[in-house]
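The residues making up each chain are set out below.
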Amino acid sequence: GFTCAAAKETAAARFQELARVMKRKEVKLGEDQLSCLVKLVTLQGIPKDLDSYPRELLLFLSPSDYAATGSCLQFFANVGEANLDVLPRESPQRKELLLEALACLGVPGPQVDEESAELLGHLLCELGGQHIRSSGGHLLKHLSRCDSFLPEQEEAIRSVLSSGNTSFGPPAEWSALTLKELSGLIPVLDHSILQEIPRDALTLWLKSFARDSPLSREELASIAEELQPSRHKRADGCPAGKEITEEVLSDDTMNIYYSPAELHACLRNVSLENYLTQILVYPFSDPQLAAMKQHLDETYPDGYPASLLPKLGLLLSFVTPEEVSRWNITSADVLAGILRSQPPEQQASAAVRRYLALGSPLDATALEAIGTTYICLLDGAELNMIEPSSLKMASLNPAACSETTKDILYAKAKRAFSGQPFPAYYELIEPYLGGAPAADLRALSTRNLNMGISTLVKLRRDSLMSLTPSEVQGLLGINLPDLQKWQHRAPIWQWIQRQKQSELEQLRLGLTGGTQKGYINLALPRAQVRSSASLAAVALHLLPALLTSCLLLSILA
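Residues numbered from 1 in each chain as written. Predicted model: local features only at pLDDT ≥ 70, side-chain atom pairs only at ≥ 80, totals over all residues. Heavy atoms only, no water.

**Student:** Teacher, can you tell me more about the confidence of the model for the protein chain here?
**Tutor:** As a general rule, the predicted coordinates of low-pLDDT regions are not to be interpreted in detail. Mean pLDDT over the protein chain: 87, with 90% of residues reaching 70 or higher. The model gives residues 523-557 a pLDDT under 50, and that stretch makes ten contacts with residues more than four places away or in other chains. (pLDDT = per-residue confidence, 0-100. Contact = heavy atoms within 4.5 Å.)

Structure representation (structure tokens):
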């Protein structure tokens, strides 16, 4: 894949051709990769054929950069078709792009018309609650294509839908076709709106259209729960006509016909193990899933067989860590089957510990099963069981783990990848750099890297703080300008305060806040500055020394 580590060896023209190929091949790039690529293709100025490059590159440019290619309207039409999710949901860049787009379109107030909505494309998903309320129902179809909403957006959408003043009419008049048109907005509907929708419309939508909707299993389950028989009705046996046959098990809407009690009663004559993988993708509610778990407990009173464990899927959320600690997890494949279902952390941790307790190794297969999702759950003793060679075959990123975990894994990764040449070594070690000591980072700074700013800010704090501006420049390479965007954010602001201002100025980024010549920045421990009282105590404690320093300076002057 494309990395920025070896980028400087290639001329701007070659990177421009690379970018064109990436667009033709529809290569998916992340934020750091795009941020780096846009710098490389603009090394000799802004090219005039930006439409030939991945649209996501435009997220890192402005309409003025696009002027040689086309108008601001054309710029934002392309941005509207780009994948905005390469930028964090509430990032300043996404907000700035929306404001610039509205200015380009000449939208002076909170009301967005149909034509502007069409041109905004994915940027429409950034509109705030006031825009949604003021613009009325004509935004709804466009908003239904958005992947997620912020709470204020959800509230505004519910307000517009509940009013009934839209082309869809009030919820009480909606049909299955209405729900199909609004499918992307259905997760936003609350209980009060769902209750108004005719039951027949909801049922028909679930049967005919739900499987093709973008809704997750959990979102569909919340809709289906509205249609289930009363949960308070007790079932002493399986009601007549509700026997679960192979035909019923093949119906992905079977969940709407059974209350949890009925489901438990009607499963008694079913060999559920053979159908678990199939039916657990159906949108069952949590009470229904709990009824399935109860059925399995009754079927296997002496414990689940090993063959069942990888099939449990969603039912793992209803298993206790104590139950997991009795399972027969003796192979990495069984462990992988359990963890593939992404159980809660407590259950996942219990599964890994049970696997290790039975004498199984933390080899590459086990590590690949544990993955980035669960690697942080391992303690020091468990991490030390990992052979460095196993990391060569496992894809891990411990950036979210504790300092201890990152330190241990970095040392093992360094040993595992030490024989690799540059830039391959850097590409392999980069996910583990959060545990790197300052000495290793200084060595890397001489290797012509183009480290992403997101990697730099996740370095070990003590290591980052001990680096000089020239060493940071060596690490960031072509990404050095990104330092400016972080200058007022932790931990870069704290790093700036520790540097000599004269050395910061040599970076030519306009960074300020470093130590001026003849001055000392006093970095006080956090515990000493928690309140004005403790700050005053520190100031009084340092006063004699400060006065002495001032006196000496005045004498020397």
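**Student:** Looking at this structure, I do not really get the state of the cysteines. What am I missing?
**Tutor:** Two cysteines form a disulfide when their sulfur atoms are joined by a covalent bond. Tallied over the entire structure, the rule returns four disulfides. There is a disulfide in this structure between C72 and C104, and the S-S distance comes to 2.0 Å. Disulfide C72-C104: torsion about the S-S bond near 85°, hence right-handed. Of this pair, C72 sits in helix α3 (residues 72-81) while C104 sits in helix α4 (residues 92-105), placing them 32 residues apart in sequence. With its sulfur 2.0 Å from that of its partner, C125 forms a disulfide with C146. What sets the handedness of the C125 and C146 disulfide is the S-S torsion sign, and at about -90° it is left-handed. Within this pair, whereas C125 is found in the loop between α5 (114-120) and α6 (129-135), its partner C146 is found in the loop between α7 (140-143) and α8 (151-163), the two being separated by 21 residues in sequence. (Disulfide = S-S within 2.5 Å. Helix = DSSP H or I, 4+ residues; strand = E, 2+ residues; numbered from the N terminus.)

**Student:** Explain a negative patch on the surface to me, please; I cannot follow it from the model alone.
**Tutor:** Residues D113, E114, E115 and E118 make up a contiguous surface patch of negative charge. Within the secondary structure layout, E115 lies in helix α5. (Patch = residues over 30% accessible without salt bridge, like charges linked within 9 Å, V, L, I, M, F, W, Y side chains within 5 Å. Areas by Shrake-Rupley, 256 points an atom, 1.4 Å probe, with all protein chains shown as cover. Salt bridge = Lys/Arg side-chain N within 4 Å of Asp/Glu carboxyl O. Lys, Arg positive; Asp, Glu negative; His and termini not counted. Charge placed at Lys NZ, Arg CZ, Asp CG, Glu CD.)

**Student:** So what exactly am I meant to see when it comes to the packing of aromatic side chains here?
**Tutor:** Geometrically, a pair of aromatic rings is defined through the distance of the ring centres and the angle of the planes. Enumeration over the complete set of coordinates arrives at seven aromatic pairs. Their ring planes at 85° and their centres at 4.9 Å tell us that F75 and F76 sit as a pair that is edge-to-face. We classify F75 as buried; its relative accessible area is 0%. An aromatic cluster is present here, built from Y66, F75 and F76 joined pairwise through their rings. Here K242 stacks its cationic end above the ring of Y258, 5.6 Å away from the centre of that ring. Sitting above the plane of the F422 ring, R447 keeps its charged end 3.8 Å from the centroid. (Phe/Tyr/Trp six-rings, centres within 6.5 Å; stacked < 30°, edge-to-face > 60°. Buried < 20%, exposed > 50% of the residue type's maximum accessible area, 1.4 Å probe, protein only. Lys NZ or Arg CZ within 6 Å of the ring centre and 35° of its normal.)

**Student:** Help me understand the nonpolar core in this model?
**Tutor:** In globular proteins that are soluble, nonpolar side chains generally tend to be buried together. One finds M292, L312, W327, I329, L433, L456 and L483 to be the most contacted residues of the largest nonpolar core, which totals 87 residues. Residues within four places of L433 in sequence aside, it is in contact with Y410, Y426, L441, L444, M451, T455 and L459. Formed by 72 residues, the second largest nonpolar core is a distinct cluster that contains M22, C146, A176 and L189. (Core = buried A, V, L, I, M, F, W, Y, C linked by side-chain atoms within 4.5 Å.)

**Student:** Would you mind going over the side chain of Q153 with me for this structure?
**Tutor:** In this fold, Q153 is placed in helix α8. Since its relative accessible area comes to 2%, Q153 is described here as buried. Engagement of the side chain of Q153 in a polar contact is seen with the backbone nitrogen of L150, the distance being 2.8 Å. Apart from the residues within four sequence positions on either side, Q153 is in contact with R89, C125, E126, L127 and I132. (Polar contact = N/O pair within 3.5 Å; in protein donor to acceptor, adjacent residues only side chain to side chain.)

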